[in-house]
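Next come the chains, spelled out residue by residue.
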Amino acid sequence: YRVGVKSAGRQRVYHFAFHGYGSHQMLAHLEQGVVRRTIACRPRHAIYQAIVPHIARAAGRTFWDKNGPRYRIAPDGKIVFSGHFNDTPAAALIDVLRLRDMRIYLRLFGDQRPYSSADIELFLGIVQRSRDVFRQQYPHAEFHVLLWHYGSDQDYDKVVHGLRARQLDVRAVDEILPQYASHPALYEIGAHDVHPNPRAHDLIADYVLADILGQAPPRQAAAAARQ
């Protein structure tokens, strides 16, 4: 939204994110035609804001996404859609017994469990597949990843290396927001909500305009016009 506002009408922006979504919803939107049916332009860029906890979401380990799209790695290594997380008998039993309400379940099987190598590979494969589908549908368009780094992310380096090994364009938010690595609170809503605050969104929008879209942010454009 901020990119669209700051572009002063020179960029048409479509925002597909929603609270609790992850990379698997992104891929489903591309594969199932949601993006094609929604946009009224030929896109030049897709920007995916990633966080390491998207690994757990793609693996179906969050309590709020019971009906989310489920993907798996086929024997040939391809990422394939295989229904929804709650399609299986095990998922039905978990709901009946209300196991998701138990702390021990969350620690052993939910999003609090450490990520396995299979979890990470699935997430990386889903992002790569999203990039490939986007490029197939919109040749010559570019796919970018903005990757956030929280202090508790033990697998951050694995994610960075894995995405770059798959030839994905990864931009670290640490390098976009000044002092983010040492003072993350500058860019958080508050002590009890670490989601990005307006300052973070504004600086990221400036970066996207300048470094990805090649358009000077409004303040810079105005200064250039006066020179």
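Residues numbered from 1 in each chain as written. Predicted model: local features only at pLDDT ≥ 70, side-chain atom pairs only at ≥ 80, totals over all residues. Heavy atoms only, no water.

For the chain, the average pLDDT comes to 88, and 85% of its residues sit at 70 or higher. Counting contacts from residues 221-227, a segment whose pLDDT is below 50, to residues more than four positions away or on other chains yields one contact. (pLDDT = per-residue confidence, 0-100. Contact = heavy atoms within 4.5 Å.)

The next thing to look at is the nonpolar core. Judged by nonpolar contacts, the single largest core of 34 residues is most densely connected at Y48, V127, F143, V145 and L163. Those elements that place two or more of their residues in this core are α2 (23-31), β1 (45-50), α4 (54-58), α7 (117-137), β4 (142-147), α8 (156-165) and β5 (169-172). Ignoring anything within four residues of it in the chain, the contact list for Y48 reads S23, M26, H54, F123, V127, F143, H144, V145 and L146. In this structure, I176, L177, Y207 and L209 belong to the second largest nonpolar core, which totals 18 residues. (Core = buried A, V, L, I, M, F, W, Y, C linked by side-chain atoms within 4.5 Å. Buried < 20%, exposed > 50% of the residue type's maximum accessible area, 1.4 Å probe, protein only. Helix = DSSP H or I, 4+ residues; strand = E, 2+ residues; numbered from the N terminus.)

In this sheet, strand β7 (residues 193-196) lies alongside strand β6 (residues 188-190) in antiparallel orientation, the contact comprising two bridges. Bridge pairing in β7 places G190 opposite D193. Counting the residues between successive antiparallel strands, the hairpin from β6 to β7 contains two residues. (Pairing = 2+ DSSP bridges.)

A positive phi angle is found at H140, which is not glycine, with a value near 75°. Among the structural elements, H140 can be located in the loop between α7 and β4. Residue classification places H140 among the exposed residues on the basis of a relative accessible area of 83%. Phi at Q167 takes a positive value of approximately 65°, unusual for a residue other than glycine.

Here three strands make up an open sheet; going across it, the order is β1-β4-β5 and the pairing parallel. The open sheet terminates on both sides in strands that have one partner only, identified here as β1 and β5. Adjacent strand axes in the sheet meet at a mean angle of 25° when their direction is disregarded. Bridge count between β1 and β4: six bridges; the pairing is parallel. Counterpart to I47 in the pairing with β4 is H144. Those strands touched by α7 are β1 and β4, and its axis lies near 150° from that of β4. Running over the sheet, α8 touches β4 and β5 and is turned about 170° from β4. (Axes fitted to C-alpha atoms, helices over the stretch in contact; angles between N-to-C directions.)

Here α2 crosses α7 at 25°, and the two axes come no closer than 9 Å. Taken as axis vectors, α2 and α7 run roughly parallel relative to one another. As for the relative orientation of α2 and α7, their crossing is left-handed in sense. Contacts between α2 and α7 pair S23, H24, M26, L27, L30 and E31 from the former with F123, I126, V127, R129, S130, V133, F134 and Q137 from the latter. Residue composition of the contact of α2 with α7, grouped by class: eight nonpolar, four polar and two charged. (Parallel < 35°, antiparallel > 145°, perpendicular 65-115°, else oblique. Left-handed = near helix turned anticlockwise from the far one by under 90°. Nonpolar A, V, L, I, M, F, W, Y, C, P; charged D, E, K, R; others polar.)

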